[in-house]
2 protein chains.
Amino acid sequence: MTTVSADLVRTLGEPSQEDLDRLDAWWRANNYLTIGQIYLKANPLLREPLTADHIKPRLLGHWGTSPGLSFIYAHVSRLIQHTGQEAIYLAGPGHGGPALVAAGYLEGTYTEHFPGITLDEGGLLKLFRQFSSPGGIPSHVSVTTPGSIHEGGELGYVLVHAFGAVMDNPDLLAIAVVGDGEAETGPLEGSWKGISFINAQRDGAVLPILHLNDGKISGPTVLGRKDPEDVRSLLRGHGYQIIEVSGGDLPGMHQRFAAALAEAYQAIQDKKDGRDDVRWPVIILRSPKGWTGPHEVDGVLVEGTWRAHQVPLSGVRENPEHLKMLEQWLRSYRPEELFDATGAPVALVRDAAPEGNLRMSASPHANGGLLTRDLDMPDFRTYAVDVKVPGAERAESTRRLGEMMRDIYTSSPDRFRLFCPDETNSNRLGAVFEVSDRAFMERTVPGDVKLGPDGRVMEVLSEHNCHGWLEGYNLTGRHGLFATYEAFAMVSASQTVQHGKWLQEAAHLPWRAKVPSLNILLTSTAWRNDHNGFSHQGPGLLQVVLNQRGNVARVYLPPDANTLLSVADHCFRSRSYVNLIVIDKQPQLQYLSMDEAIAHCARGAGIWDWAGTDDGVTDPDIVLACAGDVVTMETVAAAQILKERLPGFKTRVVNVVNLMSLPRPKDHPHGMSEVQFTELFTDTVDVVFAFHGYPGAIHQVVHGRPDADRFRVRGFIEQGTTTTPFDMTVRNKTSRYHLVMDAINNAKRLPRGAADLKAWCEAQLAKHELYVVENLEDMPEVRDWSLAPRG
Amino acid sequence: MTTVSADLVRTLGEPSQEDLDRLDAWWRANNYLTIGQIYLKANPLLREPLTADHIKPRLLGHWGTSPGLSFIYAHVSRLIQHTGQEAIYLAGPGHGGPALVAAGYLEGTYTEHFPGITLDEGGLLKLFRQFSSPGGIPSHVSVTTPGSIHEGGELGYVLVHAFGAVMDNPDLLAIAVVGDGEAETGPLEGSWKGISFINAQRDGAVLPILHLNDGKISGPTVLGRKDPEDVRSLLRGHGYQIIEVSGGDLPGMHQRFAAALAEAYQAIQDKKDGRDDVRWPVIILRSPKGWTGPHEVDGVLVEGTWRAHQVPLSGVRENPEHLKMLEQWLRSYRPEELFDATGAPVALVRDAAPEGNLRMSASPHANGGLLTRDLDMPDFRTYAVDVKVPGAERAESTRRLGEMMRDIYTSSPDRFRLFCPDETNSNRLGAVFEVSDRAFMERTVPGDVKLGPDGRVMEVLSEHNCHGWLEGYNLTGRHGLFATYEAFAMVSASQTVQHGKWLQEAAHLPWRAKVPSLNILLTSTAWRNDHNGFSHQGPGLLQVVLNQRGNVARVYLPPDANTLLSVADHCFRSRSYVNLIVIDKQPQLQYLSMDEAIAHCARGAGIWDWAGTDDGVTDPDIVLACAGDVVTMETVAAAQILKERLPGFKTRVVNVVNLMSLPRPKDHPHGMSEVQFTELFTDTVDVVFAFHGYPGAIHQVVHGRPDADRFRVRGFIEQGTTTTPFDMTVRNKTSRYHLVMDAINNAKRLPRGAADLKAWCEAQLAKHELYVVENLEDMPEVRDWSLAPRG
Ligand SMILES: Cc1ncc(C[n+]2csc(CCOP(=O)(O)OP(=O)(O)O)c2C)c(N)n1
Ligand SMILES: Cc1ncc(C[n+]2csc(CCOP(=O)(O)OP(=O)(O)O)c2C)c(N)n1
Ligand SMILES: [Mg+2]
Ligand SMILES: [Mg+2]
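These numbers were taken from a predicted model, which means no experiment stands behind them. (Residues numbered from 1 in each chain as written. Chains lettered and ligands numbered in written order. Predicted model: local features only at pLDDT ≥ 70, side-chain atom pairs only at ≥ 80, totals over all residues. Heavy atoms only, no water.)

*Asks:* What's the story with the coordination of the magnesium ion (ligand 4) in this structure? I'm lost.
*Replies:* Angles between donor atoms at a metal ideally measure 109.5 degrees for a four-coordinate tetrahedral arrangement and either 90 or 180 degrees for a six-coordinate octahedral one. Residues and elements named next belong to chain B. Around the magnesium ion (ligand 4), the protein contributes the donor atoms Asp180 (OD), Asn213 (OD1) and Gly215 (O), which lie 2.1 to 2.2 Å from the metal centre. Motif for the magnesium ion (ligand 4), donor spacing along one chain: D-x32-N-x1-G. Of this pair, Asp180 sits in the loop between strand E2 (172-179) and helix H8 (186-189) while Asn213 sits in the loop between strand E3 (205-211) and helix H9 (222-225), and the two are 33 residues apart along the sequence. In this structure, Asp180 and Asn213 share a single accessibility class: buried. (Donors = N, O, S within 2.8 Å, 3.2 Å for Na, K, Ca; no water. Helix = DSSP H or I, 4+ residues; strand = E, 2+ residues; numbered from the N terminus. Buried < 20%, exposed > 50% of the residue type's maximum accessible area, 1.4 Å probe, protein only.)

Printed below as a string of structure tokens:
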């Protein structure tokens, strides 16, 4: 953070007349451009009287929030000009897209990125016409908006993104405007507490501005109508110091807001200086919704109410009265003072913007790929489990990943964090605590463990915070991992979806540099939440990511530690993906040596010779395929049973690590060729596929492959409770015994003894059922099963 | 709410010695049973010295939260005894399952529902052994726990469930314990504001008890460590009056908590009496995590810290020291005073429980099916759109549903509510406002519209609140609908998942009466969020519900108003399902008369003769199938193009309303027979399927049907932005022109002219692309297209 003198801050708080003129001109220009985007397809500078022909056929966009957003923007720009402060701007009510587009345009950034949108009348017209139109730009503060790291379409995440952006970013100030409607969402209410995790010396600062314009889509808001003392009390309770500005009068509001911003900035400076008695500031801004817009329409009050939310004058094409009001409204900003003869913003307006990278629309922090530095990656082979024989010994695979992350914390101490909802230890990733505490700015007491203001492991019991912080951290160019219980990944599923959409769209914009991928580790999975029960058993997120576009979505199901390490190394180096890694935390069998693991992961899927009885020359009798750790163990065990008890029956075991290797290349860029596919799965032999997630997912990804109907998929079929590990596979018909019976039922050719083996499997299942009820644990032959050479 | 005298409340606040003895005995008994469930498989009453043989092989369960939960429970029971108040108990930290199971057992309810679990030593042993074990009960306060409407597995929803439960339930008091870890989640933080929507006269009361035991799984909590004045300030800001109790001393804590509860109850009484100066109370309870458990283990402090979270003594089977500590711990509750010679709780303990339905574990409110009364349903045919010719006129289908709901509000004024995140009008359901305002207890001002304390339409900008309130309302036996933008239904997807799991499990318990279904209307869909852009375009929830078990999941895609009405009527009458209804709100073509709609919905899917050219005798050349309103229009339009431009080509149009009619009967109870399936889809002709959601969903549901590979699915492939309605279908390759080309490419037989028609389609697409960029709206031939007889 720039250090500035108290004098300077005082100047900031007392704008001169010149300052006011500039501020106001810029704001008027922005409002004018906002309305232009919503309404005009011609006559952009009102050089002729406005007619219905100048009006777009479909009136789209949101006026209500826009003047408030640009008012704040103008004032922050002034602060930047005076202080040289690096800042980015996050608009919670992202539907105020046109205001932020207008800001980028006035700052010149827009033209730099989109050279067709020039700073003249022609450019203006294009700017207006492209808004919300086919082949144009979306209506939200989206990925196409220069300076944005926050779309704001799905409301609720502005503070989590802002807090993530400033972590390990000591020089950055993130201005985060919170809509009062938005403030009603759960994720937003859960995110005020970000300051309990921000270290003023090491991190940057977030300045939340709660914008109480009293309206949302069709009514007032809770905070807008609460006793102001209650609102203050609420934010004070979260730990903030309150600064309040109210009104709609001008220039009074400019003066008061400038003073408020200066006060807030001083408080941030004081925090940075280590003053413990100072609290992080929040500004409560009460200004009318649709400020400076039509006050009354058809005899009904609009300004200051929810009625200003979208397009306050909707009948302009049909209703001459409305058209006249629109013209008056537009002319009230005196465009002739704001744009010169060519249509370019005049100096007074241009001078209101900071220069170069200090323009918020041009901040490299908001195009984080520009600032991304690779991680100093330790060699992942160092953490390998020493596997001499496949399937002989057990290890906790995620522990190895924890060790790897510990060393990334050390080697890249300024650009890597782990985010986890109170489960780092539970998920066996605790090695990171050898080198970093948990971040915690609240009181600590003797006896606390690995906890304190210097910590950089992010633990908060909120999937929304963890996910959103990581997104903010990623989009500003830094790396991390969100580790969570698989089932509760659904809590933040919509964030995964929205971030995926962001990345999908960013890929189309050459000026958006690629950012570190969003890495999500799903552990404590459906199959091994036997101690927690049904609510903790749900592989839903995998299915969600599967439906994202192929340029973004990646799903990995490493079956053991070495494959996990190889996958993780790949993910930490990758850019602009959503990488989903699914593996359980419990001790599990290890199959592949490190070299084998690397080769296996490179292919994405492969035949495990040692597991099957395939001769590699002719087609096997059945293919036993698997993806996911627990089901892989069941598959290997089933193959072993078949090997031992049905000699002459030829099985091939195929393990899939990279789920996206299964679709056709035309459906996903990772999809293997048809030749490779048939080399693994043949083109006629039935495939018994044991899958970690819902069976439908496999039908979905193999669609279009040769005779896809031959895939018989077992997977999680929503059978769960608190029980033993093996019982989970039995309940979901994915146990080794079920797989053996499936293999027999679907094989084209059956040696003698198959019927007996099926009967034996049934008997084993019956035995299991009695055993677990009696002994409250699995049969030893299952519990301790391995491929270890006997004797 | 029972009205009680101030005197009585005073008595409540000053427990006699006898009261204290009873309270404490019950609490000790509960703690004893809690620990027994976690540890013991034999020797349940410690009649012999404890040995390793008495200990379960796997130690599962959560001790830490349990003593706090049962402490509160004991005190509320006493309140009920004194006042006759009807109350239910919701444990936010639902992992305290054993404490609530123990409560039901001590109250006798457990034995009533599970006759095998008797009130004697044998029953005790079974109670202990079944906990967290195969074939037994889950570890959370789940559906098997008498008196529970809240699992608490996925943390964050205790207050939304509690608030939903008391709406229109004036006599009910819902005690909601909030864990301090849980209090960090977004959904929980977003739910304190429930009181801004609760009318003290008409609704019941929620008493939140924030349990600051300072620990979660592996660290302290934000609220546990904040300055207590900040915590008070926070809750005061939400609108509460604060009552605080702290400590671990006994009997002091009993006395102080009894006084706090009395004070809270008095405040609730005052609110009920209409005293505007009184605020809803909240109790902040600070008591040690793992209270009364092992204080230190192996030299490390456990009691009062996160270390008490699960099983504080983990080594009891191997470590004699631990075993001894466990025995001491168990004996510290003096079981010999609590259970008689047969093992039954002694009178002192039994007397601490209220009688009959007043026992919280026996409350009919927590088994809401018992109280469910059917809605007084108006005849849905009344709201029909008059359809004379299919596909000729447009109407806003959801408006009709709004009118139907308006009349349900009137006919069933005490048991129906609509829940919607600030979008009731936007979703065209505003007819409900003719008979009810929005509920709002905050300040209203002149000019406010349909808003006030008497309102019963629930609008809050929080999908989490809307969803959770409806769940609470449903589980206590009342009916409703959650209406939301399709894309943002993913915000509360995990709630849909968890509620589905609840219903899935409830179906196995004969004593759980069926409850009204959770009805979710997804509108403002992916295909018609052309004005909002990509973040608003996501059919994800459909996919989520598809993976729920068949005994619960229902997905309907009515193509027009009359089918919507028929589907809605069915859903409002149904029980214990998750009904997902997907239909857009924009004006859309109407196809079926009411009689046709009813027949179509009854079948779930059917051939639309009037749309195709099928002769009904031989197989058509192609089947054009569709599910979802927009894609149905495209399909009908495609069939029309083929009819007009490719004479002799035989198409069959199949529309699917009930998506669950497609799977095989063995995969879903609604699945049609194979005969019906082939009557619609043939068993060899290719099917071009235009689907509302992600294409993979159709591959998933038709898996196993005859030659499922012949289904060519078009659907939402994550192509979106702000654009025109038709452009959305073009971008996702689901437009009428794409469908025509698909039909030609996949038909077995092609009349002359097919190549020309394909070329024409390509040309139309090219024309469209130019047209929309130039005119910012769709080509008139598409925009105004209908099947209306020309001339
Ligand atoms: C999660 C979510 N639910 C619903 C919506 C639909 N929506 C768009 S804008 C809006 C109102 C926003 O009000 P507020 O935050 O006060 O913004 P402002 O008044 O500044 O426009 C709503 C409900 C949404 N965008 N996101
Ligand atoms: C949404 C969600 N995330 C994570 C978990 C894992 N989890 C189970 S218990 C727990 C800690 C709960 O702490 P608190 O609410 O304070 O309960 P208590 O201290 O009373 O046990 C966590 C994080 C969960 N159950 N739900
Ligand atoms: Mg607002
Ligand atoms: Mg706690």
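We are not done yet, so read on.
*Asks:* I would appreciate a short explanation of the site of ligand 2 in the present structure.
*Replies:* In the vicinity of ligand 2, 22 residues are found, and the nearest of them are Glu463 of chain A together with Thr65, Gly153, Gly181 and Lys289 of chain B. Chains contributing residues near ligand 2 are chains A and B. In this structure, Gly181 of chain B approaches ligand 2 through a main-chain N or O atom, which is 2.7 Å from an oxygen atom. In the complex, 98% of the free accessible area of ligand 2, which totals 590 Å², lies under the protein chains. Tallied by class, residues from the shell around ligand 2 come to six nonpolar, eight polar and eight charged. (Near = heavy atom within 4 Å. Polar contact = N/O pair within 3.5 Å; in protein donor to acceptor, adjacent residues only side chain to side chain. Areas by Shrake-Rupley, 256 points an atom, 1.4 Å probe, with all protein chains shown as cover. Nonpolar A, V, L, I, M, F, W, Y, C, P; charged D, E, K, R; others polar.)

*Asks:* Got a minute to help me understand the packing of aromatic side chains in this structure?
*Replies:* Each aromatic ring pair is described using two quantities: the centre-to-centre distance and the angle formed by the ring planes. Considering all chains together, one arrives at 60 aromatic pairs over all chains under this definition. Ring plane angle 55° and centroid distance 5.2 Å describe the contact between Phe197 of chain B and Trp469 of chain B, whose orientation is recorded as tilted. A residue pair is termed long-range when its members are at least 10 positions apart, and Phe197 of chain B in the loop between H8 and E3 and Trp469 of chain B in helix H16 (residues 463-475) qualify at 272 residues. The class of Phe197 of chain B is buried, set by a relative accessible area of 1%. Aromatic rings pair up to connect Phe677, Phe681, Phe689, Phe691 and Phe711 of chain A into one cluster. Positioned over the ring face of Trp785 of chain A is Arg736 of chain A, at 4.9 Å from the centre of the ring. (Phe/Tyr/Trp six-rings, centres within 6.5 Å; stacked < 30°, edge-to-face > 60°. Lys NZ or Arg CZ within 6 Å of the ring centre and 35° of its normal.)

*Asks:* For this particular structure, what's the right way to read the site of ligand 1?
*Replies:* Around ligand 1, the surrounding shell holds 22 residues, and the nearest of these are Thr65, Gly153, Gly181 and Lys289 of chain A together with Glu463 of chain B. One finds residues of chains A and B in close proximity to ligand 1. Take Lys289 of chain A: an N or O atom from its side chain is 2.6 Å from an oxygen atom of ligand 1. One nitrogen or oxygen atom from the side chain of Glu463 of chain B is found 2.7 Å from a nitrogen atom belonging to ligand 1. Considering ligand 1 on its own, with 590 Å² of exposed area, one finds that the protein chains cover 98% of that surface. Residue classes in the shell around ligand 1 are distributed as six nonpolar, eight polar and eight charged.

*Asks:* In this structure, what is going on with the interface of chain A and chain B? I would like to understand it.
*Replies:* Think of interface size as the accessible area that goes away when the parts come together; that is how it is often given. Across the boundary between the two partners, chain A contributes 122 residues, which contact 122 residues of chain B. Both sides of the chain A and chain B interface together cover about 9,500 Å² of buried area, and 52% of this is carbon and sulfur. The largest per-residue losses of area from chain A upon contact with chain B belong to Pro134, Arg225 and Leu776 of chain A, which jointly make up 8% of the total buried on that side. Remark: the boundary between chain A and chain B carries twelve salt bridges. Close ionic contact of Asp448 of chain A with Arg225 of chain B constitutes a salt bridge, the shortest N to O distance being 2.6 Å. (Contact = heavy atoms within 4.5 Å. Buried area = accessible area lost by both parts, 1.4 Å probe. Salt bridge = Lys/Arg side-chain N within 4 Å of Asp/Glu carboxyl O.)

*Asks:* What am I meant to see in the relation of the copies chain A and chain B here?
*Replies:* Related by rotation about an axis and a shift along that axis, the two copies of the chain form a pair. Mapping chain A onto chain B calls for a screw motion: a turn of 180° about the axis and a shift of 0.0 Å along it, with 0.0 Å RMSD after fitting. In the structure described here, the two chain copies are related by an operation that fits a two-fold rotation axis. Looking at the interface residues of chain A, 100% of them are also at the interface in chain B, so both copies use one shared face. (Least-squares fit on C-alpha atoms with pLDDT ≥ 70 in both.)

*Asks:* Would you mind showing me how to read the pattern of salt bridges here?
*Replies:* Close approach of charged atoms lets side chains of opposite charge pair. In this structure the tally under the stated criterion is 108 salt bridges over all chains. With a shortest N-O distance of 3.0 Å, Asp530 of chain A and Arg528 of chain A are connected by a salt bridge. Close ionic contact of Arg652 of chain B with Asp614 of chain B constitutes a salt bridge, the shortest N to O distance being 2.6 Å. Of this pair, Arg652 of chain B sits in strand E20 (residues 651-656) while Asp614 of chain B sits in the loop between strand E18 (605-607) and strand E19 (622-627), and the two are 38 residues apart along the sequence. For Arg652 of chain B, a relative accessible area of 6% corresponds to the buried category.

*Asks:* Got a minute to help me understand helix H11 (residues 252-272) of chain A in this structure?
*Replies:* Owing to its 3.6 residues per turn, the α-helix brings residues three or four apart onto one side. Relative to the 30 Å expected for 21 residues at 1.5 Å per residue, H11 of chain A spans 30 Å between its end C-alpha atoms, a close match to the ideal helical length. Among the 21 residues of H11 of chain A, 16 are classified as buried, and the element is accordingly described as predominantly covered. (Expected span 1.5 Å × (residues − 1).)

*Asks:* Explain the sheet that holds strand E5 (residues 281-286) of chain B here, please?
*Replies:* Picture the strands of a sheet paired through backbone hydrogen bonds; they go either parallel or antiparallel. All names here are of chain B. Read across the open sheet, the five strands follow the order E1-E2-E3-E5-E4; overall the sheet is parallel. Since the sheet does not close on itself, it has two edges, and those belong to strand E1 (86-91) and strand E4 (241-246), each with one partner. Across this sheet, the average inter-strand angle for adjacent strands is 20°, counted without regard to direction. Sheet topology places E2 next to E3; seven bridges connect them, and they run parallel. Bridge pairing in E3 places Ile175 opposite Leu207. Packed on one face of the sheet, helix H3 (residues 66-83) meets E1, E2, E3 and E5 and runs near 175° to E1. (Pairing = 2+ DSSP bridges. Axes fitted to C-alpha atoms, helices over the stretch in contact; angles between N-to-C directions.)

*Asks:* I tried to follow the coordination of the magnesium ion (ligand 3) on my own but got confused; where do I start?
*Replies:* All names here are of chain A. Asp180 (OD), Asn213 (OD1) and Gly215 (O) make up the full set of protein donors to the magnesium ion (ligand 3), lying at 2.1 to 2.2 Å. Counting along the primary sequence, the residues that act as donors to the magnesium ion (ligand 3) give the motif D-x32-N-x1-G. You can call Asp180 buried: its relative accessible area is 1%. A residue is classified by how much of its surface remains accessible, and Asn213, at 5% relative accessible area, is buried.

*Asks:* Is there a simple way to think about the sheet that holds strand E13 (residues 479-485) of chain B in this case?
*Replies:* Residue and element names in this part refer to chain B. Overall, parallel pairing links the six strands, which are arranged E12-E9-E13-E14-E16-E15 in an open sheet. Lying at the two open borders of the sheet, with one neighbouring strand each, are strand E12 (458-459) and strand E15 (553-556). Its contacts with the sheet place helix H15 (residues 397-411) against strand E9 (416-420), E13 and strand E14 (518-523), and it is angled at close to 140° to E9. Lying on the sheet, helix H19 (residues 561-573) is in contact with E9, E13, E14, E15 and strand E16 (578-582); it crosses E16 at an angle near 165°.

*Asks:* Looking at this model, I keep getting lost on the packing of helix H21 (residues 629-645) of chain A against helix H25 (residues 736-746) of chain A. Mind explaining?
*Replies:* Helix-helix packing is described using two parameters, namely the angle between the two axes and the distance between the axes. All names here are of chain A. Closest axis-to-axis distance for the H21/H25 pair is 8 Å, and the angle between their directions is 60°. Taken as axis vectors, H21 and H25 run oblique relative to one another. Regarding H21 and H25, the two cross each other, and that crossing is right-handed. Between H21 and H25, the contacting residues are Met633, Glu634, Thr635, Ala637, Ala638, Ile641 and Leu642 on the first element and Arg736, Tyr737, Leu739, Val740, Ala743 and Ile744 on the second. Looking at the contact of H21 with H25 residue by residue, the class counts come to ten nonpolar, one polar and two charged. (Parallel < 35°, antiparallel > 145°, perpendicular 65-115°, else oblique. Left-handed = near helix turned anticlockwise from the far one by under 90°.)

*Asks:* Any chance you could explain the packing of helix H7 (residues 158-166) of chain A against helix H16 (residues 463-475) of chain A here in plain terms?
*Replies:* Residue and element names in this part refer to chain A. The geometry of H7 relative to H16 is characterised by a closest axis approach of 6 Å and an angle of 50° between their N-to-C directions. By the criterion of interaxial angle, the relationship of H7 to H16 is oblique. Remark: the crossing between H7 and H16 carries right-handed chirality. Along its contact with H7, which presents Val160, His161, Phe163, Gly164 and Ala165, the element H16 presents His464, Asn465, Gly468, Trp469, Glu471, Gly472 and Tyr473. A breakdown of the residues in the contact of H7 with H16 according to their chemical character gives five nonpolar, six polar and one charged.

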